[in-house]
Amino acid sequence: MAAQPKAGRAVVPQGLRLADSRSQKAKRAPELELLDACVHCGFCLATCPTYSLWGEEMDSPRGRIYLMRELAEGEPMTTVMRTHFDRCLGCLACLSVCPSGVRYDKLLAAARVEVERSTNRAWQERLLRWFIFELFPFSRRLRAAAVALRVYQRSGLRTFMHRHEVFDRFPATVRTLESLAPRVPRYESFPETVAAHGERRGVVALLTGCIQSVLFSPVNAATVRVLVAEGFDVVIPRQQGCCGALSAHAGRDEEAQGFARSLIETFDRTGVSAVIVNSAGCGSAMKEYAHLLRDDPLYAHVAEQFSSRVRDVAEFLAEWEPRAPRHALEVTVAYHDACHLAHAQGVRTQPRDLLQAIPGLDLREVAEGEICCGSAGIYNLLQPEAGGELGDRKARNVLASGAELLVAANPGCTMQVTAALRRVGTRLPVAHTIEVIDASISGLPARTLLGR
Amino acid sequence: MTDFVQFAEHLRQLLGEGEVVTDHERLRTFECDGLAHFRVCPAIVVLPQSGDEVKAVVGACVAQGVPYVARGSGTGLSGGALPRADGVLIVTTKMRSVVEVDVTNQRATVEPGAVNLDITRAVAPFGFYYAPDPSSQLVCSIGGNVAENSGGAHCLKYGFTTHHVTGLEVVTPDGEVVDLGGGKALDAPGYDLLGAFIGSEGTIGITTKVVVRLLRSPEAVETVLAGFSSIDDAAEAVSSIIAAGIVPAAVELMDALAVQAAEASVHCNYPVGAGAVLIIEVDGPRVDVDESLRLVEHHSKFHGAFEMRVAKNAAERNLFWKGRKSAFAAVGRISPDYIVQDGVIPRTMLASVLNQMAKMASDAGVRVANVFHAGDGNLHPLVLFDGSVDGECERAERLCGAILDLCVASGGSITGEHGVGADKAQHMPRMFSDDDLATMQLLRTAFDPAGLCNPGKVFPNPRLCGEVPIRHSASDPSVKTGMGEIF
Amino acid sequence: MTTPDRQGHKSQFVGLGGQRDVVDGVPATSVAGVGTVEALAEVMREAAERKETVVARGRGTKLDWGAPPTRVDLLVDLSGMNRVLEHASGDLIVRVEPGVCLSELQNLLARSGQRLAIDEVVPGSTIGGLVASGLCGPLRLAYGCVRDLLIGISVVRADGVLAKSGGKVVKNVAGYDLGKLYTGSFGTLGIVAEAIFRLHPVPEARVWVTTELSDEHDLARCIAAVTTSQLVASALEIDCPEDGAPLELAVLVEGISVSVERRAQALAHLLGDRHTISTTPPIWWAAIPGETTVKLATVGSDLPRVIGAITEQAGRTGTRPCFRGSAALGLLYVGLSGGSDPRAVAEFVKEIRTVCEEAGGSAVVLRAPAVVKRAVDIWGTVRPIGLMRRVKASFDPLHRLAPGRFVGGI
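### Quick word on the sheet that holds strand β1 (residues 20-21) of chain B
All names here are of chain B.
Stage number 1. Ordered by their spatial adjacency, four strands build an open sheet running β1-β2-β4-β3, and the pairing between neighbours is mixed. Lying at the two open borders of the sheet, with one neighbouring strand each, are β1 and β3 (68-71).
Stage number 2. Sheet topology places strand β2 (residues 44-46) next to strand β4 (residues 88-91); three bridges connect them, and they run parallel. Residue pairing for β4: Ile-44 is matched across the bridge by Val-88.
Stage number 3. Against the sheet, helix α1 (residues 4-15) engages β1 and β2, with an angle of about 10 degrees to β2.

### Notes on the interface of chain C and chain B
Note: interface size is frequently given as the accessible area lost on complex formation between the parts.
Stage number 1. Taken residue by residue, the interface counts 67 residues in chain C and 70 residues in chain B.
Stage number 2. Of all elements in the fold, only α5 (146-149), β11 (162-166), α6 (178-182), α7 (216-227), α8 (257-271), β21 (362-367) and α12 (385-395) of chain C reach the threshold of two or more residues within the side of chain C that touches chain B.
Stage number 3. For the side of chain C that touches chain B, the leading source of residues is α12 of chain C, giving seven residues.
Stage number 4. Split into classes, the residues belonging to the side of chain C that touches chain B amount to 30 nonpolar, 24 polar and 13 charged.

### Regarding the domain arrangement of chain C
Stage number 1. Annotation of chain C at the domain level lists domain 1 (11-77), domain 2 (84-201), domain 3 (205-278) and domain 4 (292-375).
Stage number 2. On a C-alpha basis, the centroid separation for the pair domain 2 of chain C and domain 4 of chain C is 29 Å.

### What about helix α8 (residues 231-243) of chain B?
Residue and element names in this part refer to chain B.
Stage number 1. Taking 1.5 Å of rise per residue, 13 residues should cover 18 Å, and α8 covers 18 Å from first to last C-alpha, within 8% of that figure.
Stage number 2. Tucked inside the fold, the buried residues of α8 contact β12 (220-228), β13 (250-255), β14 (276-284), α10 (286-302) and α12 (350-364).
Stage number 3. At the C-terminal side of α8, Gly-245 shows a positive phi close to 90 degrees.

### Here we look at the interface of chain B and chain A
Stage number 1. If you look at the interface, chain B gives 30 residues, while chain A gives 23 residues.
Stage number 2. Contributing elements (two or more residues each) for the side of chain B that touches chain A: α2 (24-28), α11 (314-331) and α16 (477-480) of chain B.
Stage number 3. Tallied by class, the residues present in the side of chain B that touches chain A amount to ten nonpolar, twelve polar and eight charged.

### Points about the domain arrangement of chain B
Residues and elements named next belong to chain B.
Stage number 1. Under the domain assignment, chain B is made up of domain 1 (1-217) and domain 2 (220-409).
Stage number 2. For domain 1 versus domain 2, the separation of C-alpha centres amounts to 31 Å.
Stage number 3. Counting from both sides, the interface comprises six residues of domain 1 and, opposite them, ten residues of domain 2.
Stage number 4. Residue classes in the side of domain 1 that touches domain 2 are distributed as three nonpolar, two polar and one charged.

### Notes on the packing of helix α14 (residues 253-268) of chain A against helix α17 (residues 300-307) of chain A
Residues and elements named next belong to chain A.
Stage number 1. Running from N to C, α14 and α17 point in directions that differ by 60 degrees, and their axes come no closer than 11 Å. Crossing hand, α14 versus α17: left-handed. Here Ala-260, Ile-264, Phe-267 and Asp-268 of α14 come into contact with α17, specifically with Val-302, Ala-303 and Phe-306.
Stage number 2. When the residues that make up the contact of α14 with α17 are grouped by side-chain class, the tally is six nonpolar, no polar and one charged.

### Side note on the environment of Ala-37 of chain A
Stage number 1. Structurally, Ala-37 of chain A can be placed in the loop between α1 (32-36) and α2 (49-54).
Stage number 2. Taking the C-alpha atoms as reference, Ala-37 of chain A lies 9.9 Å from Tyr-104 of chain A; in sequence the two are 67 residues apart.

The rules behind these values
- Within each chain, residue numbers correspond to sequence positions counted from 1 in written order.
- Here the convention is simple: chains get letters from A, ligands get numbers from 1, in the order in which they are written.
- Selection of residues for local features in this predicted model requires a pLDDT of at least 70, selection of side-chain atom pairs for listing and counting requires 80 or more, and totals for whole chains, interfaces and linings are taken over all residues.
- In this analysis, strands are considered paired if DSSP registers two or more bridges between them.
- In DSSP terms, a helix is any run of H or I states spanning at least four residues, a strand is any run of E spanning at least two, and both are numbered starting from the N terminus.
- Two residues form a contact once the distance between their C-beta atoms, set from the backbone, is within 7 Å.
- Whenever a helix is involved, its axis is fitted only over the stretch in contact; in every case the axis is a line through C-alpha atoms, and angles between N-to-C directions fall within 0 to 180 degrees.
- In this classification, the charged set is Asp, Glu, Lys and Arg, the nonpolar set is Ala, Val, Leu, Ile, Met, Phe, Trp, Tyr, Cys and Pro, and all remaining amino acids, among them Gly, are polar.
- The split of the chain into domains comes from an automatic or database domain assignment.
- To estimate the expected span of a helix, subtract one from its residue number and multiply by 1.5 Å.
- Each crossing gets its hand from how the near helix is turned against the far one by less than a right angle, where anticlockwise is left-handed and clockwise is right-handed.

Structure below.
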């Protein structure tokens, strides 16, 4: 096979010619034209999580854009610059607030690529990244790891290690990784197609995801149930791979492009009109495929078409009249805006509307909702201190809302906030938006959500 | 010639490693504030975490004869926080807490880096707010507000920073920490150095604590959006309303060009075909507001308002304001380049000044979009031009100067809210005689005989070589698109 | 010793100081009356050449305020500069010369339905004196004080140079706000040649709601209730005519008739029974008491303690103070009769000042008979005095303007 992205190793359908990777090298540096849109007004400072932590211009969007400009002017990438780019969560809160319409998402993506291309990281960092990118995007490997994790969790080993504070001697990243891992659920597999209840309104495909399918499979199950109840056939391609979000957001563009091409191929074969995603990070990455593959003459157009069919599940449901009756759920919930849903995709009102349509449900807002919880993909693993501080802050705000249940639409957020709540000694159940809707449609009592 | 490497080391010993920045890439991120035209890279940046640390830095600078400039959030529009290439930039963004809220006495004590809106957020649960509301209040610092005596859309009724600060803790250019004003109490005996300090643009000291006055949030607010066929009509309406004894909380006016831009940008759905659009807000006790609203509608209609809407709820109110607040970012869509001006004229001269400006603009061959705080005569003419066309940038800049002359000749001022800073120091002689400026300097020399505290700002002075701020040409990217929700 | 042979061609009169030309017990050697700003500048230039000490006078209503000057070589009389230069009613601003009487100005403005929102606390006050003393009354609660309403000013410096700052428009941040510096400076930095103020419309209706309070804690409750309400009081004043007498509280609401009516009713309800509603102010309104007057500034929450201290110290020192003031602003004027024993007064002031300064406030003796002034510390703790002295030295290097009248011997 011709130039295959190395770590991708996705299954590439026969007869497909991959683009020459040389053409991908064009326009790597943050484009001057995009940078020009910034007029230095500073509004982005108001919602930037790292600026709220440290109060330093270099770790604000405005400052980072300035560093990018220095790059674009021809200055070499330095360790200093890399540090500040690495510290950016990529939460895109700045994108939402910028009055001039600066495309920080594109700028950051280009900057990250530059960082990866030109940096020699320390061996510990390289090892960590290797570990993450060899494991997370591959469900089969994740499943294997999950089996081990399950044993670890249920055998008593975990309790033992915590009681004896074994992890205190480990580096922060390992501690974080351990604390984030949720209780591994029973493995669940899905049929290729699930038929709609009643008259069919359409056919959709579902991305089951990597972390989602292994560690949060009940969310996928709930998603299928709701879609089916609302009259949609759900196609779940068995061979689907990773969407490449983690790679794309880490500047590993070739790797991400490989995943993207495979995924597009997989889902295009289904011929559906909408590809449903229940993970905010994945959905946002898939909507960016047009930009990711813009220099690929074979895939550019296809990617654009594909991206236009991607819908977050809440976004999708909000486009249709609800069909399945909602039963009452007497529960107070706080809705957490995942950055990649609210800022990156602009999906804010739909999940709230869906939740408020459930009788008996009391929806609360979380203070400082626009500030990231610190998960930001793998940020909490790469920058554990900052991630931890932001997680703690989010936990405090969530608790202050007085809600009994936290609703979050992203596995990363769920893990992060749960871990943070545990750190302050509280347990608060967390559920995905779709699980709440599922419970309502299924007529389950609130305690099924609360007793987690 | 100062050895900045050594000086930086000295500062690190005083403040701690993380608070002294010397990496060139990092220093550059501080080289301009909200006025991106002027850029000067500082020699050293420090980020102190307390008043004591500010004092230590100033003391060190004074001992070494190093000039220093203070900076808050860096959103100022006159280059007041423009650094010195041979100096230290003292950034207060790590000193940003609301230290104390005293609801009984209607005071709050905050650090200088605290964000303006955060004060209101801290006291809103008690039914109070901090009145001065610059449009950048989401991010601008209270210390910066003190330096510039910032106002905001509601300053017509509620005044400026100087009316809402009762005490300051300041590090003087001697390196001493003093209290100006009476803290929470009023009328401290002696000279009103507090009043003289506010608006001194960081040239006579650095604020390290601010005691502000809080106001009770008004019972009712009503906002009206009115469309007129001409600016004259709208201006007349404003005059009538004010003559009727109403003091609106805010009165904003946009001309057709500004409306066109705003419409293209945020689809605010302003009255179609309007020659001028007015946004009038009244607040206070319910009964007063109802009556004021009635009068506002009456006078607007009388002067030809062809369409009038009253906001039914907070969401609609925000929509009315959205168009106005986006006007600046929006003009970027109808012109490749532009310059924002800030001038004041007596309100009654609004129509005549605008007509004169229109003529001046057409003579110069450039377009001008107008957005005003109509209630207090503060104009923000947006001079639109295309930098790629030969000579157009120069014509635009000349027109800006002419507009300032017009403001002064009409009995107004060269700056209503952005301050003089680096940008307008050269224009001060349009408004003040040498004697006037020399008298102001008497205050400055009393505070800062060494001349190290934010030198080169406010007063015109010959530029020293090496310190020339890089004035970018009109084709500079930073001039191209909108300035955002700054005004 | 100076001679009266100065250039009089632009002044109205010159002459030796007479019996009327005394500043707080210090006779002026000569007097010059000026009618124009040019004349004023010229007189000041000459005085500078002769290195004369200068004090300015409007109608002389506050010449005995502050400390007595060390010397008065020249008394400059500004009563001839009494023109209202410009009243732009559409812009709500007025430009006046320093010799204009406040009451006359108000009458003029009232014809256009406008006013300068400053009470005439001392009858006969001129604009110049208003600025030099910074004195204002009950309306301060809603409209601010002299410093807040002054938007532009021209002064003649000690060296005779005319200098302006601010301007004719309310919204103006060009240059330093020297108007604030000059306000309340007792003429020690320059002589006011022209002042520009922002105006307000005269409200359609004004109603006073008055009640009697049981004690200072009742006062605290009332202040809290009024200031946290939506009644938007224009003024909140208290009066205690003599020690032991009941405390009277009066609140002013202004605005359109229907609103004032409703708010007055709500206010009455808030204040409890035994209230009166009137369209005229209480007799003591906007007047400061005593032949010895001490101005106390503190924070609202500290007021009960200060009032308690007044009673306590009255008993201890055997003085008979009365007090009155803008309670919602934490300002009180304590009045003592002229015949009080100076040492007792000094003791009283010292103790009350300690109480005020503990909470970050101040106590200043505004006026008192000469014998009392000699015994008492007029200003109390002044900070930052070093910086203030430097400002004075910058504006008046030879220390000629009103020397000794102000804080720290300035």
